[in-house]
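Analysis of the macromolecular model
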Amino acid sequence: TPLDVAVEADAGDAVQTLIDLGSPWHRPLGHSPELSQKEDSVALVSSQTSAGPLVWQLARAGYEFGDGCFNFSYEDGKHEMQVEADRYVPMPTPAVLADREGRTFAAK
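Heads up: these notes are all about the structure in this document. (Residues numbered from 1 in each chain as written. Predicted model: local features only at pLDDT ≥ 70, side-chain atom pairs only at ≥ 80, totals over all residues. Heavy atoms only, no water.)

A separate point is the environment of glutamate 8. As for its placement among the helices and strands, glutamate 8 is situated in helix α1 (residues 2-8). C-alpha separation for the pair glutamate 8 and leucine 58, spaced 50 residues apart in sequence, amounts to 9.8 Å. (Helix = DSSP H or I, 4+ residues; strand = E, 2+ residues; numbered from the N terminus.)

Now the structure itself:
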C-alpha cells in the first residue's frame, strides 16, 4: 500500500498525511490473515547472525517445511532456507515495519 511504501522510505510527513486520510496503520501487509503463514506471503525476517544489531528485511515466503519453518526470497535475489518462526513476522503492519526497521521518523 502507499502507507507501506512511505514507511519503507522513512517519509514521516507522507506517513502522517496517509494516516490522517484514513490509511490503516495496523493493517497487515499482503494477503488476507488466513493466508499469513502460507507460501508466497510477505514477511519481515531478521538477520541470522547474533553479532551486532538485528537487521530486518522484507521477504517472500517459499516452501513451508512444517513447524513454521519457511524458505524466504529477498528482493536482492538472496534466498534463505528453513527460517524458524521466531525469526520472522508474517504480514507485518506498517507500524511493525516502522518499529523493526528503525524507521524512527515514520514511527513518531
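Bringing the packing of aromatic side chains into the picture now. Using the criterion set out here, one finds three aromatic pairs in the structure. For the pair phenylalanine 70 and tyrosine 88, a centre-to-centre distance of 5.9 Å together with 85 degrees between the ring planes defines the contact as edge-to-face. With a gap of 18 residues between them, phenylalanine 70 in strand β3 (residues 69-74) and tyrosine 88 in strand β5 (residues 88-90) connect regions that are remote in the sequence. For the pair phenylalanine 70 and tyrosine 88, one class covers both residues: buried. Counting every residue linked through ring pairs, the aromatic cluster contains Phe70, Phe72 and Tyr88. Here the guanidinium or amino end of lysine 78 rests over the ring plane of tyrosine 74, the centre of that ring lying 4.6 Å away. (Phe/Tyr/Trp six-rings, centres within 6.5 Å; stacked < 30°, edge-to-face > 60°. Buried < 20%, exposed > 50% of the residue type's maximum accessible area, 1.4 Å probe, protein only. Lys NZ or Arg CZ within 6 Å of the ring centre and 35° of its normal.)

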